[in-house]
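For reference, the chains in residue letters:
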Amino acid sequence: MIDREKIERAVRLFLEGIGEDPNREGLKETPARVARMWEEFEKMRSFDMKLFEEFGSYNEMVLVKDIRFYSLCEHHLLPFFGKVHVAYIPDGVICGLSKLIRVVKALSLKPQVQERLTEEIADVLERELKPKGVGVVISAEHLCMSMRGASSPDHLTVTSALRGIFLKDMRTREEFLKLIG
Ligand SMILES: [Zn+2]
């Protein structure tokens, strides 16, 4: 549950802590704005993760490339963002693209680490579609690194989670990696 009052107090204190005047014109409404934004995130997160949409006989690899996502590094509370590539080999159940996008959004809009986000997306697909296998790859830029000059903006962090046949069968895995480039 989002506690607006707590967020507002914390943001005011944070602004004071970095030497800003929380009462100046541009910052006056900031604590309330931040609280409202987290309320919006909370709504987007409460999406029902049930994924299955239709039963079909299709049993080739389903691949969705380049799903944009925006998340927040839990170590620095700065954004990390980039692209998610998702693939699965169905076992009777497939799901629509819009649902996949909403799952990615729901799992991104909270303090996260990229490795866990990758695993959580694979977990939901595995649980809801019961496919023969799942592959998830995320490539992202982390502002906590780029802004501090610890890495250049074109330096991307890549993580992957492979399940089922994507782990066991080298050909499936290679096909997936080739398709996402
Ligand atoms: Zn960080």
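Residues numbered from 1 in each chain as written. Predicted model: local features only at pLDDT ≥ 70, side-chain atom pairs only at ≥ 80, totals over all residues.

> Looking at this structure, how should I read the packing of helix 1 (residues 4–17) against helix 2 (residues 30–45)?
For any two helices packed against each other, one specifies the crossing angle of their axes together with the interaxial distance. Across the interface, helix 1 lies against helix 2 with an axial gap of 8 Å and an inter-helix angle of 135 degrees. With respect to their mutual orientation, helix 1 and helix 2 come out oblique. Judged by the sense of rotation from one axis to the other, the crossing of helix 1 with helix 2 is right-handed. Contacts between helix 1 and helix 2 involve Arg4, Ile7, Glu8, Val11 and Arg12 from the former and Thr30, Pro31, Ala32, Val34, Ala35, Trp38 and Glu39 from the latter. Residue composition of the contact of helix 1 with helix 2, grouped by class: seven nonpolar, one polar and four charged. (Axes fitted to C-alpha atoms, helices over the stretch in contact; angles between N-to-C directions. Helix = DSSP H or I, 4+ residues; strand = E, 2+ residues; numbered from the N terminus. Parallel < 35°, antiparallel > 145°, perpendicular 65-115°, else oblique. Left-handed = near helix turned anticlockwise from the far one by under 90°. Contact = placed C-beta atoms within 7 Å. Nonpolar A, V, L, I, M, F, W, Y, C, P; charged D, E, K, R; others polar.)

> How do you make sense of the UniProt feature "binding site: Zn(2+)" (unreviewed entry) in the protein when you look at a structure like this?
Per the UniProt record, "binding site: Zn(2+)" (unreviewed entry) is found at Cys73, His76 and Cys144. Annotated residues spanning 72 residues; largest pairwise C-alpha distance 7.7 Å, indicating a single compact cluster. Within the secondary structure, His76 is located in the loop between strand 2 (62–73) and strand 3 (79–89). Its place among the elements puts Cys144 in helix 5 (residues 143–146). With sequence-adjacent residues up to four places away left out, Cys144 is seen in contact with Cys73, His75, His76 and Leu78. (UniProt positions renumbered as here; feature names shortened; annotations may be inferred.)

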